[in-house]
Amino acid sequence: MFPSKVTTVEDAVRHLKTGMTLMSGGFQCCGIPETLLKAVSGTDAADLTVITLSTALKGRGTGILIHEGKVRKLYVSHIGSNTETVEKTLNGELECVFVPQGTLAERIRAGGSGLGGILTPTGLGTPIADGKEILTVNGKEYLLELPLHADIAFIHAWKADTMGNLAYHYSARNYNPLMAMAADFVIAEAETIVEAGELGPDEIETPACVVDVVVQGEPVRARWEV
Amino acid sequence: MDAKEKICRRVAKMFRTGDVVNLGFGMPTKVMDYVPKDLDIWFDSENGIMGLGEPPAKGDENHDVINAMGFAASMRLGACCFDSAMSFALIRGGHVDYTVLGAFEVDESGNLANWTIPGKRIAGMGGAMDLVSGSRHVIAAMTHTDRDGNPKIRKKCALPLTGAGVVTQIVTELALIDVTPEGLVLREIAEDTTVDEVRRLTEAPLLIAEPLDVMEW
């Protein structure tokens, strides 16, 4: 029997150190590992590079880290709903690298799958292509986009078992299963933690072998519950 | 009826049973309100839902069912959920029939600019660049002119592009315009305007379809 990976939130976030690259799952306020993100506030981790779809709203999701000034560089697809991220980017406090949403997914997938990059038509003829290699395959042009990998990933799961297997719920999947593959150390917060064996093979989407620790998440707060 | 409602109503008439449709951020999400309820359309939501439904009644929200704007949504019979790689495989892979997006500018080559105004607006492109690169039809749904009355249909986009040569149709409150290899073709015109007025409010040259139809909302 594998030992339980369940630990406290405080113990889990201690792995995040100054200067590290952090991936954080979620789409807007859906499927965000907010218990972990809030707990980072209490640590001295700073100067972070964060890879995330969006910075949600001011003070929500990775917007918490933006608010606390813990982020130096952001790989992100959309910041429009967080005025604070927009301001900090415009005044130069934050370096913001915009990545098209589908390209972000594939770069993370590549980072977790041992691929050297992906070829995509997305962004051809736009500023996103500047400085990137263009390859022609069967007469069609593609941009070469490189893998993304992180030191730590924060994952939001619906259920986790004590071994670290993860299951997701509805559209709270988004980037979570992809990021769980693409970091050296993977921390999952789950809405519910169950005993080993309670999640069946068909329910598990992320295998326990890629998850390092599991913590109990606080109740989820939707955008409309702000 | 205001301009946005006219645009949404006209776009809503394009779809046929079985079409896969992605409605972009902002005004296009309202198109769903005008699609006849008896049409079986697969509404795709980039956050990972095929089979998106209307906003739920207050109290029926599920925090794990949202639309691309982050607001509460519902799922129709047969809907399914998936991660973002699958979501954009569907989008990029040619499995979406129609993408409807707003635009700052469109030009006669079908170039689209809708994601940034350097130094002023830096929201990010979200899924727009992927959507326009993979959908079979890309509809720019937008007011014919900007707030100051300047044409948004240009000879050449001045703003950074979201996609090059991607727009297939433009729908405004005044006109429905096809993007063709020969240039922009005015196919339908609103009842309360004239070809001369549409030409005056459009920077790019317009070819006129025969016959030229009246837009129906």
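Counting of residues starts from 1 at the beginning of each chain's written sequence and follows it residue by residue. Each chain gets a letter, beginning with A, and each ligand a number, beginning with 1, in the order they are written. For a predicted model such as this one, the threshold for reporting local features is a pLDDT of at least 70, and the threshold for listing and counting side-chain atom pairs is 80 or more; totals across whole chains, interfaces and linings nevertheless cover every residue.

Here we look at the overall build of chain B
The number of helices and strands found in chain B is four helices and 13 strands. Both definitions apply: the radius of gyration is a C-alpha atom measure, and the globule rule equals 2.2 Å times residues to the power 0.38. Its C-alpha atoms give chain B a radius of gyration of 17 Å, near enough to 17 Å, the size a compact globule of 217 residues would have. Any residue whose C-beta has 12 or fewer other C-beta atoms within 10 Å is treated as exposed, any with 20 or more as buried, and any in between as partly exposed, C-beta atoms being built from the backbone. When the 217 residues of chain B are sorted by exposure, 49% land in the buried category. C-beta atoms are first placed from the backbone for all residues, and any pair lying within 7 Å is then listed as a contact. The long-range share in chain B, meaning contacts at least 24 apart out of those at least 6 apart in sequence, stands at 63%. Going along the chain from the N terminus, every DSSP run of H or I of four or more residues is numbered as a helix, and every run of E of two or more is numbered as a strand.

A closer look at the overall build of chain A
For chain A, the helix and strand inventory stands at six helices and eleven strands. For 226 residues, the compact-globule formula gives about 17 Å, and the C-alpha radius of gyration of chain A, at 18 Å, lands near that figure. Across its three principal directions, the C-alpha atoms of chain A cover 50 × 40 × 35 Å.

Some thoughts on the confidence of the model for chain B
Confidence of the prediction at every residue is given by pLDDT, a number between 0 and 100. The share of residues in chain B with pLDDT of 70 or more is 100%, and the mean pLDDT across the chain is 96. Two numbers describe this predicted complex: its pTM, 0.97, and its ipTM, 0.97.

Things to note about the nonpolar core
Most often, soluble globular proteins have nonpolar side chains that are buried together. Remark: nonpolar core denotes a set of buried Ala, Val, Leu, Ile, Met, Phe, Trp, Tyr and Cys residues whose joining runs through C-beta atoms within 7 Å. By size, the foremost hydrophobic cluster in this structure holds 132 residues, and its most contacted members are A:Ala153 and A:Ile187. Not counting residues within four places of it along the chain, the set of residues in contact with A:Ile187 comprises A:Ala12, A:His15, A:Leu36, A:Ile152, A:Ala153, A:Phe154, A:Ile155, A:Asp212, A:Val213 and A:Val215.

Points about the sheet that holds strand E6 (residues 134-137) of chain A
All names here are of chain A. What makes two strands pair is DSSP finding at least two bridges between them. With respect to topology, three strands assemble into an open sheet ordered E5-E7-E6, the strand pairing being antiparallel. At either end of the open sheet lies a strand with only one pairing partner, and these are strand E5 (118-120) and E6. Pairwise comparison of adjacent strand axes, ignoring direction, gives a mean angle of 45 degrees for this sheet. Where E6 lies against strand E7 (residues 140-145), four bridges are found, and the strand directions are antiparallel. By the bridge assignment for E7, Leu135 is matched with Tyr142. Most of the contacts of helix H5 (residues 101-113) go to E5, to which it runs at about 165 degrees, and overall it touches E5 and E7. Lines are fitted to the C-alpha atoms to define the axes, a helix being fitted only along its stretch in contact, and any angle between axes, read from their N-to-C directions, falls within 0 to 180 degrees.

Details of H5(A)
One less than the number of residues in a helix, times 1.5 Å, gives the span that helix is expected to have. In a regular helix each residue adds 1.5 Å, so 13 residues correspond to 18 Å; H5(A) covers 18 Å between its end C-alpha atoms and thus fits that length. Among the residues of H5(A), A:Gln101, A:Gly102, A:Thr103, A:Leu104, A:Ala105, A:Glu106, A:Arg107, A:Ile108, A:Arg109, A:Ala110, A:Gly111 and A:Gly112 are the ones counted as buried. Tucked inside the fold, the buried residues of H5(A) contact E5, E7 and helix H6 (176-179) of chain A together with helix H2 (84-92) and helix H3 (128-134) of chain B. Directly beyond the C-terminal end of H5(A), a positive phi value near 75 degrees is found at A:Gly114.

Topic: the pairing of strand E1 (residues 20-23) of chain B
Residues and elements named next belong to chain B. Alignment of E1 against strand E2 (residues 42-45), held across three bridges, turns out to be parallel. Looking across to E2, one finds that Asn22 is bridged to Asp44. With three bridges joining them, E1 and strand E5 (residues 98-101) adopt parallel strand pairing. The residue of E5 that forms the bridge with Val21 is Tyr98.

Points about the pairing of strand E3 (residues 71-76) of chain A
All names here are of chain A. In this sheet, E3 lies alongside strand E2 (residues 48-51) in parallel orientation, the contact comprising four bridges. The residue bridging Leu48 from the neighbouring strand is Val71, located in E3. When E3 meets strand E4 (residues 95-98), the two strands line up parallel, connected through four bridges. Counterpart to Leu74 in the pairing with E4 is Cys96.

What to know about helix H1 (residues 3-12) of chain B
Within H1(B), the full set of buried residues consists of B:Ile7, B:Cys8, B:Arg10, B:Val11 and B:Ala12. For H1(B), the elements touching its buried residues are E5, strand E8 (137-141), strand E10 (169-171) and strand E11 (175-180) of chain B.

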